[in-house]
Amino acid sequence: MNSSIVIASHYDKNLLPNLINIIEKTFDKKDSFYFDLPNEEYRMLMIEAQNNLNGHCAASLICKNILPELENYLETSKFLIQSNVYLRASRPSKDPKSESIGFHRETFYGENMEKAVNVWTPLKGVSKTNTLRYIPESHLIPDSDILTSKKEDSYTQRFSDGHKLGFQYAPKTIKSGVELNDDKPMIVDNHSSAIFSGNLIHGGAINHSDEIRFSIDFRIIRSKDYNKEKNTQLHVSSSKPYFQEMQ
């Protein structure tokens, strides 16, 4: 709780198997088959699985499963959810920059995201050694104290499949203001999701295992904190407003 993290259990124990089943309709071969696929070919499969998850309203299903915890966390029952859930499918023994998102907070990549809250759900192949990492209490560090640099990514072009998967075409790297060596693993029980502030510095989920690591994540925000007049840009993945009502 000192780092804004709450672990919420799913009331429906069929939720996790159902979401995994959706993914396995695309990733229907042994994990080793995908290890040497070219990056763009692999990302095409990720997009297919991500679209299927969104077609089944995965974000809404997760929210409904942890609704009491979300309402308690937000201190309201009126909130919006991201219109596109992101699938993370990190292969082992790959360049981390091509398979995972570096340490960041949501204000790095979106306007008016200081009030956003993240929901992260491990699905399959997630362990203590490859789970999401976070910097304890970093949500309390002002943006003005964090120095970053920006550089075009060699793996991701704007509006590409990678961009639609949540990879940044011009990612920011933290240079100072945050002790990145203090990172801790975010341990989330099976059939559970983590809820945490979008200002918490998180990322770096590098896969050191021998199988693909699958998780999904999305943002939510209190209705009163979201300015629809300022946030007019459509989500690059869903072609819908970034936040929408829960379906």
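Placed above this text is the structure.
Residues numbered from 1 in each chain as written. Predicted model: local features only at pLDDT ≥ 70, side-chain atom pairs only at ≥ 80, totals over all residues. Heavy atoms only, no water.

Enquirer: What is the right way to read the pattern of salt bridges from this model?
Expert: Close approach of charged atoms allows side chains of opposite charge to pair. Throughout the structure, instances matching the rule amount to 9 salt bridges. A salt bridge links Asp 217 to Arg 88; the shortest N-O distance between them is 2.7 Å. Taken together, the residues Asp 217 in strand β11 (residues 213-222) and Arg 88 in strand β3 (residues 86-90) connect sequence positions 129 residues apart. Across the pair, Arg 88 and Asp 217 agree in class, each one buried. Via salt bridges that share partners, Lys 115, Arg 222 and Asp 225 belong to a single interconnected network. (Salt bridge = Lys/Arg side-chain N within 4 Å of Asp/Glu carboxyl O. Helix = DSSP H or I, 4+ residues; strand = E, 2+ residues; numbered from the N terminus. Buried < 20%, exposed > 50% of the residue type's maximum accessible area, 1.4 Å probe, protein only.)

Enquirer: Quick question: what am I supposed to make of helix α4 (residues 58-65) here?
Expert: Since the α-helix packs 3.6 residues into each turn, any two residues three or four apart lie on the same face. Here α4 lies mainly inside the structure; 6 of its 8 residues are buried. When α4 is considered as a whole, its buried residues turn out to be Ala 58, Ala 59, Ser 60, Ile 62, Cys 63 and Asn 65.

Enquirer: Sorry if this is basic, but what is going on with the sheet that holds strand β5 (residues 133-134) here?
Expert: Two orientations exist for strands paired in a sheet by backbone hydrogen bonds: parallel and antiparallel. The sheet built from 3 strands is open, its strands ordered β8-β5-β10 with antiparallel pairing. In this open sheet, the two strands that pair with only one neighbour each are β8 (184-185) and β10 (202-203). Pairing between β5 and β10: 2 bridges, direction antiparallel. The residue of β10 that forms the bridge with Tyr 134 is His 202. (Pairing = 2+ DSSP bridges.)

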